[in-house]
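The primary structure of each chain is shown beneath.
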Amino acid sequence: MTLAHYNLADLAIKAASCRACGLATGRTQVVFGAGSPDADVVFVGEAPGAREDECGVPFVGRSGQLLDRLLEEELGVERADVYIANVVKCRPPDNRDPRSDEIAACRPYLTCQLDLVNPVVIITLGNFASRLLLETKTGITKLRGNNYYYGDSLRHLVPTFHPAAALRGGSGVLAHMRNDFGRARELIAS
Ligand code: URA
């Protein structure tokens, strides 16, 4: 699939009819991504859940509400100022983890989204996005707390926990997320 010459709007149209993996069968709609095409920050989550599958917009459920709050409180921006996407654009059945073949099938879309928006900082939310974009098997608990670069680009990558982990109430998860967002804010300002 050669997507390199697409712009974001055309890419979204192309994704809407994608049947590159089995997730196409169970989805209500493709959740391509949302936000500003000129954003300084791109968030990458895991996969749409039930609410996102219904609405066609990423992070509109409980995790999204927490993300919106952290955006305002730690980055001083609103959702419309950032760009939000997921590793896979279609909801896995019963909210199971995305499989490696599904992630690979969807990867060209994410790569193009990151190239087209070309943010200063990519914030990866949770294990799936962090491992994929840092090309590592190391888990988020060890990865977070440090700043990285995305591939061989000059784009910063700040891995942090998925908001769902903070909602489950793991000890200190929210505090760590605030700290990670704060470092991202410094990178944007620098
Ligand atoms: N969790 C994600 O990773 N992405 C969404 O869009 C919603 C919940």
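Everything that follows concerns the structure shown earlier in this document.
Below, the structure is looked at part by part.

This part is about the site of the ligand. In the neighbourhood of the ligand, the contacting residues comprise Gly45, Glu46, Ala47, Glu52, Pro58, Phe59, Asn86 and His162. In the environment of the ligand, an oxygen atom lies 2.7 Å from a nitrogen or oxygen atom belonging to the backbone of Glu46. Residue His162 places a side-chain N or O atom 2.8 Å away from an oxygen atom belonging to the ligand. When isolated, the ligand has an accessible area of 240 Å², and the protein chains bury 91% of it. Of the residues contributing to the shell around the ligand, the split by class is three nonpolar, three polar and two charged.

Our next topic: the nonpolar core. The biggest cluster of nonpolar side chains holds 54 residues, and the ones touching the most others in it are Phe43, Val44, Ile123 and Leu133. Element by element, the count of residues in this core is highest for helix H5 (residues 100–117), at seven residues. Look past the residues within four positions of Leu133 in its chain and what remains in contact with it is Val44, Arg107, Leu110, Leu114, Ile122, Thr124, Tyr150 and Leu157.

Turning our eyes to something else, we now look at the packing of H5 against helix H6 (residues 127–134). With their axes 12 Å apart at the nearest point, H5 and H6 run at an angle of 75 degrees to one another. In terms of their interaxial angle, H5 and H6 are classed as roughly perpendicular. For the pair formed by H5 and H6, the contact residues are Ile103, Arg107, Leu110 and Leu114 on the first element and Phe128, Leu132 and Leu133 on the second.

Enumeration according to the criterion identifies zero disulfides in this entry. Left without a disulfide partner, Cys106 is nearest to the cysteine sulfur of Cys90, which lies 6.3 Å away.

Attention shifts here to the packing of helix H4 (residues 62–75) against helix H9 (residues 173–189). Viewed as axis vectors pointing N to C, H4 and H9 meet at an angle of 50 degrees, and their least axial separation amounts to 9 Å. Classified by the angle their axes make, H4 and H9 are oblique. Considering how the two elements wind past one another, H4 and H9 form a crossing that is right-handed. Contacts between H4 and H9 involve Leu66, Leu67, Arg69, Leu70, Leu71, Glu73, Glu74 and Leu75 on the former and, on the latter, Leu174, Met177, Arg178, Phe181, Ala184 and Arg185.

Within the secondary structure, Ser153 sits in the loop between strand E5 (148–149) and strand E6 (156–160). For Ser153, a relative accessible area of 16% gives the class buried. At 2.6 Å, the side chain of Ser153 and the backbone oxygen of Tyr150 are in polar contact.

Here the structure, examined in full by the defined rule, presents 10 salt bridges. A salt bridge links Asp115 to Arg155; the nearest nitrogen and oxygen atoms lie 3.3 Å apart. Taken together, the residues span a long stretch of sequence, with Asp115 in helix H5 and Arg155 in the loop between E5 and E6 at a distance of 40 residues. Asp115 gets classed as partly exposed once you look at its relative accessible area, which sits at 42%. For the salt bridge of Arg183 with Asp180, the shortest nitrogen-to-oxygen distance reads 2.9 Å. On the criterion of helical spacing, the pair formed by Arg183 and Asp180 is a turn pair, its members being three residues apart in helix H9.

Conventions and cut-offs
Residues numbered from 1 in each chain as written. Predicted model: local features only at pLDDT ≥ 70, side-chain atom pairs only at ≥ 80, totals over all residues. Heavy atoms only, no water. Near = heavy atom within 4 Å. Polar contact = N/O pair within 3.5 Å; in protein donor to acceptor, adjacent residues only side chain to side chain. Areas by Shrake-Rupley, 256 points an atom, 1.4 Å probe, with all protein chains shown as cover. Nonpolar A, V, L, I, M, F, W, Y, C, P; charged D, E, K, R; others polar. Core = buried A, V, L, I, M, F, W, Y, C linked by side-chain atoms within 4.5 Å. Buried < 20%, exposed > 50% of the residue type's maximum accessible area, 1.4 Å probe, protein only. Helix = DSSP H or I, 4+ residues; strand = E, 2+ residues; numbered from the N terminus. Contact = heavy atoms within 4.5 Å. Axes fitted to C-alpha atoms, helices over the stretch in contact; angles between N-to-C directions. Parallel < 35°, antiparallel > 145°, perpendicular 65-115°, else oblique. Disulfide = S-S within 2.5 Å. Left-handed = near helix turned anticlockwise from the far one by under 90°. Salt bridge = Lys/Arg side-chain N within 4 Å of Asp/Glu carboxyl O.

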